[in-house]
Amino acid sequence: GEKLENALQNIASQNPIAVLGGEWTRVVDQMAIHNGTLWTAGIPVLSSGATSASLDDRNKFPGLFRTSYSDGDAFRQLIVSMSHILGYGQSEAILMGSTDPFGYSGLQVANKTLKSLGVSITGYSEFYSTDPETGEMRGDNCAANKTNLNYVCTKLENIL
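Structural notes, computed from the coordinates.

The rules behind the values
Residues numbered from 1 in each chain as written. Predicted model: local features only at pLDDT ≥ 70, side-chain atom pairs only at ≥ 80, totals over all residues. Heavy atoms only, no water. Axes fitted to C-alpha atoms, helices over the stretch in contact; angles between N-to-C directions. Helix = DSSP H or I, 4+ residues; strand = E, 2+ residues; numbered from the N terminus. Parallel < 35°, antiparallel > 145°, perpendicular 65-115°, else oblique. Left-handed = near helix turned anticlockwise from the far one by under 90°. Contact = heavy atoms within 4.5 Å. Nonpolar A, V, L, I, M, F, W, Y, C, P; charged D, E, K, R; others polar. Pairing = 2+ DSSP bridges. Phe/Tyr/Trp six-rings, centres within 6.5 Å; stacked < 30°, edge-to-face > 60°. Lys NZ or Arg CZ within 6 Å of the ring centre and 35° of its normal. Right-handed = clockwise from strand over helix to strand, strands pointing away. Core = buried A, V, L, I, M, F, W, Y, C linked by side-chain atoms within 4.5 Å. Buried < 20%, exposed > 50% of the residue type's maximum accessible area, 1.4 Å probe, protein only. Patch = residues over 30% accessible without salt bridge, like charges linked within 9 Å, V, L, I, M, F, W, Y side chains within 5 Å. Areas by Shrake-Rupley, 256 points an atom, 1.4 Å probe, with all protein chains shown as cover. Salt bridge = Lys/Arg side-chain N within 4 Å of Asp/Glu carboxyl O. Expected span 1.5 Å × (residues − 1).

1. Thoughts on the packing of helix H3 (residues 71-86) against helix H4 (residues 101-116)
- For the pair H3 and H4, the least separation of the axes is 9 Å and the interaxial angle reads 40 degrees. Classified by the angle their axes make, H3 and H4 are oblique. In terms of crossing hand, the pair formed by H3 and H4 is right-handed. Facing H3, whose interface residues are Asp71, Gly72, Phe75, Arg76, Ile79 and Val80, H4 presents Phe102, Gly106, Val109, Ala110, Thr113 and Leu114.
- A breakdown of the residues in the contact of H3 with H4 according to their chemical character gives seven nonpolar, three polar and two charged.

Laid out in structure tokens, this is it:
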């Protein structure tokens, strides 16, 4: 929002060599949408934690440099590895993800990788990553939050 934009403009006005931070994909994504701030000032952002494949777009994120992997690379490798373990006889798959840049970018990687392996997509479901009524994150940290786990499992059961 406005506070973030003001903070980014303040940082940019100090002419730093680079900014360390943006450890969450959602933060880096927000940093990119504010005009007249870091990207347009030519100030790079160094991140060790923003991993979403949605950040791979060098046109949208020209000043982002990551010391971590992209989830797109990791997810692609995971799918290929699973196909080796499960055998190449798997011909169908379903896709499910959250309705945010993080979820959509993962779905795009999965869809492209599965198709390259000759796997047909036979089902698809998505879930809101934020509860429309409360603003609470859904899907994140499912292992520690039973309500989120139940929410995601219900969405999965709907396409099985």
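2. A short note on the sheet that holds strand E1 (residues 19-20)
- Spatially, three strands are ordered E1-E2-E3 in an open sheet, and the strand pairing comes out parallel. Edge positions in the open sheet fall to E1 and strand E3 (64-66), since each of these has one partner strand only.

3. Some words on the packing of aromatic side chains
- Overall, the coordinates contain zero aromatic pairs when judged by the stated rule.
- Here the guanidinium or amino end of arginine 58 rests over the ring plane of phenylalanine 65, the centre of that ring lying 5.2 Å away.

4. Comments concerning the pairing of strand E4 (residues 92-98)
- Summarising the sheet, E4 and strand E5 (residues 120-127) pair through seven bridges and their orientation is parallel. Bridge pairing in E5 links glycine 97 to glutamate 126.
- Remark: the E4/H4/E5 crossover connection has right-handed handedness.

5. Re the environment of methionine 31
- Note that methionine 31 resides in helix H2 (residues 25-33).
- Separated by 30 residues in sequence, methionine 31 and phenylalanine 61 place their C-alpha atoms 9.3 Å apart.

6. What to know about the nonpolar core
- Counting residues in hydrophobic clusters, the biggest one holds 13 residues, and the most contacted among them are Val28, Leu38, Trp39, Val45 and Leu64.
- Membership of the second largest hydrophobic core comes to seven residues, among which are Leu95, Leu107, Ala110 and Val119.

7. Some thoughts on the side chain of serine 105
- Residue placement: serine 105 occurs in helix H4.
- Once residues within four sequence positions are removed from consideration, serine 105 is found in contact with Ser52, Ala53 and Ser54.

8. Some thoughts on a nonpolar patch on the surface
- A cluster of nonpolar side chains, Phe75, Leu78, Met82, Ile85 and Leu86, forms an exposed patch at the surface whose accessible area comes to about 500 Å².
- When you line up the elements, leucine 86 lands in helix H3.
- What makes leucine 86 exposed here is its relative accessible area of 54%.

9. Quick word on the environment of isoleucine 159
- Here isoleucine 159 shows up in the segment after helix H5 (146-157).
- Each C-alpha atom of the pair isoleucine 159 and leucine 95 lies 9.3 Å from the other, and the pair is 64 residues apart in sequence.
- Apart from residues lying up to four places away in sequence, isoleucine 159 is in contact with Ile94, Leu95, Tyr124 and Ser125.

10. Section: H4
- Taking 1.5 Å of rise per residue, 16 residues should cover 22 Å, and H4 covers 23 Å from first to last C-alpha, within 8% of that figure.
- Buried within H4 we find Gly103, Ser105, Gly106, Leu107, Val109, Ala110, Thr113 and Leu114.
- Those residues of H4 hidden inside the fold are in contact with H3, E4 and E5.
- Phi for glycine 118, located one or two positions after H4, is positive at around 80 degrees.

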